[in-house]
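Below are the chains, spelled out letter by letter.
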Amino acid sequence: MALNSRKATAALAAGFLSITVLHLSAPTLVAKPSTPLSGPMAERVSVVPITFDRDDASKTKFGKLTFRGGLNIFARSVHFGGYSAIALDRSGTALLALSDAGSWMRATLDYDGRWLKGLSDVTLGPILGKDGKPVRSESRQDAEGIALLAGDTRNGNALVSFERDHRIMRYPFTPERFGPPDGMIPLPKAGRAMGDNQGLEALAVIRSGRMKDTVVAFSERLKDRNGNLIGWLIGGPAPGAITVRRLGGFDITGAAGLPDGGLLLLERRFRYSEGVKMRIRRIKATDLRRGRLVTGDVLIEATDILNIDNMEGIAVHRAPDGENVITLVSDDNFSGFQRSLIMQFTLP
């Protein structure tokens, strides 16, 4: 019996499912580069535009968001991939991404009007350790979150969260260098007790409102006694623990502050029987309080019948027309069976 295109897509995805799960659940099987980059290098990147709905390219409304373009990006370098964290400048054109293999990527996002159409001026480079040399230890390379503190994505300071060797470090950076770090934020006691793959996946800074300048950090799947996800409000006027209600077995993979003082959470769920799912939740500024259990508002939830992969990084910038633009990136785990995707949505 013939399959329609949507069912065929699902069947094809299922064919790769057993391989994909190895990369999502078993970091030891991931083919990361064995040695770090020695310094910055220009990289030629190929780009294939994607739609979010493979069957209907004209469809742009998904949940409460509007799709405004996506890219599947490729490069020959063994250091290209593993992108788990992103930041954008205020114009939404200068991108800085961090890989969980200890490298960074700088690039320019190109647009056709409001529509994301390409990636250019790509440079790769190493994340530096305290000694000013590229980080070589795999247990210390695993960058998962980034939050800008000052400047923009070309020159400034950022906080970076790391998994496995759990820590939050402050990094000064220029167009040619990222680091060495010049400070560290001490983790709460519960944060120091996280397992290797439970770590600090999400990091954001609150930009306005009552909690302005508060750093928000979330583990991927560290749970309280009720099964909800644990995070922390660090610094700012009211630091302390915060808990996010775990809905449907999703884990947190990214966070980004909103201009109004609220927060976006990027989430992922994987099951053998259903493949990969993605979700974005919006947390109101008034809910960011010490000791609060928050649920938030689901903006979008998508299965891999739509054009997603292992979505891990999220950033927000405000377009000239006032819309909040959400940019997502996927971590391909350096696997030929996964993809590095960049996609954008607008939040009304």
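Right above here is the structure, for reference.
Let me begin by describing the structure that accompanies this report.

Quick notes on the rules
- Residues numbered from 1 in each chain as written.
- Predicted model: local features only at pLDDT ≥ 70, side-chain atom pairs only at ≥ 80, totals over all residues.
- Heavy atoms only, no water.
- Pairing = 2+ DSSP bridges.
- Helix = DSSP H or I, 4+ residues; strand = E, 2+ residues; numbered from the N terminus.
- Core = buried A, V, L, I, M, F, W, Y, C linked by side-chain atoms within 4.5 Å.
- Buried < 20%, exposed > 50% of the residue type's maximum accessible area, 1.4 Å probe, protein only.
- Contact = heavy atoms within 4.5 Å.

## Thoughts on the sheet that holds strand β8 (residues 115–126)
Ordered by their spatial adjacency, 5 strands build an open sheet running β1-β8-β7-β6-β5, and the pairing between neighbours is antiparallel. Bordering the open sheet on either side are β1 (41–42) and β5 (83–88), each of which pairs with just one other strand.

## Focus on the nonpolar core
As a rule of thumb, nonpolar side chains are buried together in soluble globular proteins. Phe52, Met278, Ile280, Ile326, Leu328, Met343 and Phe345 are the most contacted members of the largest nonpolar core, which has 25 residues in total. Contributions of two or more residues to this core are made by β4 (65–75), β18 (263–271), β19 (275–283), β21 (297–303), β22 (311–318), β23 (324–330) and β24 (340–347). In contact with Phe52, other than residues within four places in its own chain, are Phe62, Phe67, Met278, Ile300, Ala302, Leu306, Asn307, Ile308, Met343 and Phe345. Formed by 21 residues, the second largest nonpolar core is a distinct cluster that contains Val45, Ala97, Ala107 and Leu119.

## As for the environment of Ala202
Tracing the backbone through its elements, the reader meets Ala202 in strand β13 (residues 200–205). On the basis of relative accessibility, which here comes to 0%, the residue Ala202 falls in the buried class. In sequence terms Ala202 and Ile146 are 56 residues apart; their C-alpha atoms lie 7.8 Å from each other. Here Ala202 is in contact with Val216, Ala217, Phe218, Ile252, Thr253, Gly254 and Ala255, once residues within four sequence places are set aside.

## Looking at the pairing of strand β14 (residues 215–223)
Burial runs high along β14: 7 of the 9 residues are buried. Here 5 bridges tie β13 to β14, and the two strands are oriented antiparallel to one another. Counterpart to Ala204 in the pairing with β14 is Val216. With 5 bridges joining them, β14 and strand β15 (residues 229–234) adopt antiparallel strand pairing. Within β15, the residue paired with Lys223 across the bridge is Leu229. From the end of β14 to the start of β15, which pair antiparallel, there are 5 residues, and Gly227 there has a positive phi angle of about 85 degrees.

## A word on unusual backbone geometry
The linkage connecting Gly179 with the following residue, Pro180, adopts the cis geometry, with an omega of 5 degrees. Tracing the chain through its elements places Pro180 in the loop between β11 (167–173) and β12 (183–185). The phi dihedral of Asp121 falls on the positive side, at around 50 degrees, and the residue is not glycine. Unlike most non-glycine residues, Arg164 shows phi in positive territory, near 75 degrees. With respect to the secondary-structure elements, Arg164 resides in the loop between β10 (156–162) and β11.

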